[in-house]
Amino acid sequence: MRYHLVTLGCAKNTVDSRRLEQALRGGRHLAVTDPADADLLLVNTCGFIDAAKAESVSVIRELDAGRRRDQRLYVVGCMTEIAADDVRAAVPGVDATFGVEQWDAIAAQIGAADERFDIPERTLPAFGQPSAYLKISDGCDRPCTFCIIPAIKGRMHSDDTRRLVAEARMYAAAGARELVLVAQDSTAYGEERGERDGLARLLETLAEAVPEVPWIRLMYAYPGRVTRTLAEAMARLPNVLPYLDIPMQHGSDAVLRRMKRPSLRVARRSLDAIREAMPAVALRTTFIVGYPGESEREFEELLAFVERERFDHIGAFTYSPQRGTPAGDAPDQVAERVKESRYGRLMELAQRVSLERNRAMVGRETDVLVESTEPTRSQSGGPIVVGRTYRDAPEVDGLAFLKGEYPAGALVRARVAGALPYDLLCDPVQARTAATHTG
Ligand code: SF4
């Protein structure tokens, strides 16, 4: 059978889709890029916020409207885990729905292919990109009042270390130059098995297992859970990048308390530990603007926190109420126009800080991992390729525009020649294949 898979939502969903594809390829089904060529249309949905649900429904509707009568339509993933009825109500023609991690059940329902296809080998693991995502755990035990993830994904469960090593080796063998470790809460790795510092040990194991992968990047650390042991392990391991994503969600203690998130004092311990161990560390964070009851004063505390902490990258969302979460039913919801205006003010400040951080890089040498396969032309007419430095995670952070022609996956020593608000302009110093620790 030929299937066409659409993946919506976050990087973790991309990993889920890859697992689903592994199950389907085990049954010798073949992926096709054009829905018209498919026997089965699959949508892996996101149900994190209302906007994501609306996008999921519109994609399902579109596929449903354009399909032939002999094409099946299955909807899977986060949205069908929590709101399969909404999906069926919106698009009654859907043939089947599955929740998260039911990949084998989906493959079993489809059965094995009766035709045999030659499945082409992929040269790189993440669909032509030099980076691959490694999901180290799923689910979450934290009590954040705005978040539906624990209801969707259940209790935190860590993946087996040996399985992760095997997966990392597979990506390394396929040519991956970067492994991006993702989870709902990466710092909880191994906790349910009673392990202490499980994440630090996992990093050590992976760094040793795939020394040929020059970049290992860690995402989604919980504030206050980055211990000195973890920070020191990151600093010591030559292929673990001095980069960390710590979603703070707010910069006012009163709001953090209402969100049931760690206080600024607790978060500071993590920030201090990581900066002390790795002075060149690049920090990314995310904030929610307009959480129920957020006063102008609390919002200004968030701005002051951003000004003080000078994160390299900031992502922000306006609060979107989730049915089934404590904050979703709170009576003191902030008006949409107030949320939008605060979001604009926050992003204006974040952009200024990001530009200052980027300007501080000018004149420094760093490695650029080339991502694009096709060189484009700079304003002066010379070829440039698009890549990233250690400071930028794929898809969410900035880019590095590098003069010259290099293949995707090349790691090129470069000097930062110019700074844009989110991106860097770089000149090559010399091409090489190994990275230094500080990028
Ligand atoms: S730590 Fe993250 S995934 Fe877990 S409940 Fe809080 S916001 Fe949700």
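These lines cover the structure that appears in this document, whether it is placed above or below. (Residues numbered from 1 in each chain as written. Predicted model: local features only at pLDDT ≥ 70, side-chain atom pairs only at ≥ 80, totals over all residues. Heavy atoms only, no water.)

Side note on the pattern of salt bridges
The criterion, for reference: Should a side-chain nitrogen of Lys or Arg be within 4 Å of a carboxyl oxygen of Asp or Glu, the pair is scored as a salt bridge. Using a 1.4 Å probe on the protein chains alone, a residue whose accessible area is under 20% of its type maximum counts as buried, one over 50% counts as exposed, and one in between counts as partly exposed. Secondary structure elements are taken from DSSP: a helix is a run of H or I of four residues or more, a strand is a run of E of two residues or more, and numbering for both begins at the N terminus.
Within the structure shown, the criterion is met by 38 salt bridges. Between Lys135 and Asp138 there is a salt bridge; the shortest N-O distance is 2.7 Å. On the basis of relative accessibility, which here comes to 3%, the residue Asp138 falls in the buried class. For Arg342, the salt bridge identified is with Glu294, shortest N-O distance 2.8 Å. Within this pair, whereas Arg342 is found in helix H12 (residues 336-359), its partner Glu294 is found in the loop between strand S12 (282-289) and helix H11 (296-309), the two being separated by 48 residues in sequence. Of the residues examined, Arg342 reaches a relative accessible area of 7% and is grouped as buried.

Quick word on the sheet that holds strand S10 (residues 215-218)
Definition in use: By the convention used here, strands pair only if DSSP detects at least 2 bridges between them. All axes here are fitted lines through C-alpha atoms, helices being fitted over the stretch that makes contact, and every angle between N-to-C directions spans 0 to 180 degrees.
Taking strand neighbours across the sheet as the criterion, the 6 strands line up as S6-S9-S10-S11-S12-S13 in an open arrangement whose pairing is parallel. Bordering the open sheet on either side are strand S6 (131-135) and strand S13 (313-318), each of which pairs with just one other strand. When the angles between neighbouring strand axes are averaged without regard to direction, this sheet yields 20°. Where S10 and strand S11 (residues 240-245) come together, 2 bridges link them in parallel fashion. Residue pairing in the sheet places Ile216 in a bridge with Val240 of S11.

Remarks on the pairing of S13
This is how the line gets drawn: By definition, the crossover connecting two strands over a helix is right-handed if that path, from the first strand to the second, turns clockwise as seen with the strands pointing away from the viewer.
Pairing analysis gives 6 bridges linking S12 to S13, with the strands arranged parallel. By the bridge assignment for S13, Phe287 is matched with Ala316. Where the polypeptide runs from S12 across H11 and back to S13, its parallel neighbour, the crossover connection is right-handed.

Comments concerning the site of the ligand
The line we're drawing: Any residue with at least one heavy atom within 4 Å of a molecule or strand is counted as near it. Polarity classes work like this: nonpolar for Ala, Val, Leu, Ile, Met, Phe, Trp, Tyr, Cys and Pro, charged for Asp, Glu, Lys and Arg, and polar for all others, with Gly in that last group.
Around the ligand, the structure places Cys140, Arg142, Cys144, Phe146, Cys147, Ile149, Pro150, Gln184, Tyr222 and Arg261. Residue composition of the shell around the ligand, by class: 7 nonpolar, 1 polar and 2 charged.

Section: helix H8 (residues 228-236)
Applicable threshold: Of all possible arcs, the one meant is that of the directions from the helix axis to the C-beta atoms. Whether two residues are in contact is decided by their heavy atoms: any pair within 4.5 Å suffices.
Residues Leu230, Ala231, Ala233 and Met234 constitute the buried set of H8. Relative to the axis of H8, the buried residues are bounded by an arc of 160° and lie together on one face. Structurally, H8 contributes buried residues whose contacts are with helix H7 (198-209), S10, S11 and helix H10 (264-277).

Some details on the environment of Arg284
Here Arg284 lies in strand S12. A sequence separation of 108 residues divides Arg284 from Asp392, and the C-alpha atoms of the two residues are 8.9 Å apart. Sequence-distant contacts of Arg284, defined by excluding residues within four places in its chain, comprise Met219, Tyr243, Leu244, Asp245, Ile246, Phe311, His313, Gly315, Val396 and Asp397.

A short note on the packing of aromatic side chains
Rules: For Phe, Tyr and Trp, rings pair up if their centres lie within 6.5 Å, where Trp contributes its six-membered ring, and each pair is then called stacked (planes under 30 degrees apart), edge-to-face (over 60) or tilted (otherwise). Lysine and arginine charges are scored as sitting over a ring when NZ or CZ, respectively, is within 6 Å of the ring centre and within 35 degrees of the ring normal.
Applying the stated criterion to the full structure yields 5 aromatic pairs. Between Tyr291 and Tyr319, the aromatic rings sit 5.5 Å apart at their centres with planes inclined by 70°, giving edge-to-face as the arrangement. One end of the pair, Tyr291, is in the loop between S12 and H11; the other, Tyr319, is in the loop between S13 and H12, with 28 residues separating them in the sequence. Accessibility assignment for this pair places Tyr291 and Tyr319 in one class, buried. Through pairs of rings, three or more aromatic residues link up here, namely Phe287, Phe305 and Phe311. Over the aromatic face of Tyr222 sits the side chain of Arg142, whose NZ or CZ is 4.4 Å from the ring centroid.

Regarding the pairing of S11
For S11, the buried fraction is high: 6 of the 6 residues fall into the buried class. At this point the chain moves from S10, through H8, to the parallel S11, and the crossover so formed is right-handed. In the sheet, S11 pairs with S12 via 3 bridges, with the strands oriented parallel. The partner of Tyr243 across the bridge, within S12, is Ala282.

A closer look at the environment of Leu271
As for its placement among the helices and strands, Leu271 is situated in helix H10. Taking the C-alpha atoms as reference, Leu271 lies 8.2 Å from Gly224; in sequence the two are 47 residues apart. Once residues within four sequence positions are removed from consideration, Leu271 is found in contact with Ile246, Leu283, Glu309 and Phe311.

As for unusual backbone geometry
Its identity is not glycine, yet Arg310 carries a phi of approximately 55°, on the positive side. By the secondary structure assignment, Arg310 is in the loop between H11 and S13. For Glu395, which is not glycine, the phi torsion reads 75° and is therefore positive. Locating Glu395 in the fold gives a position in the loop between strand S16 (383-388) and strand S17 (400-403).

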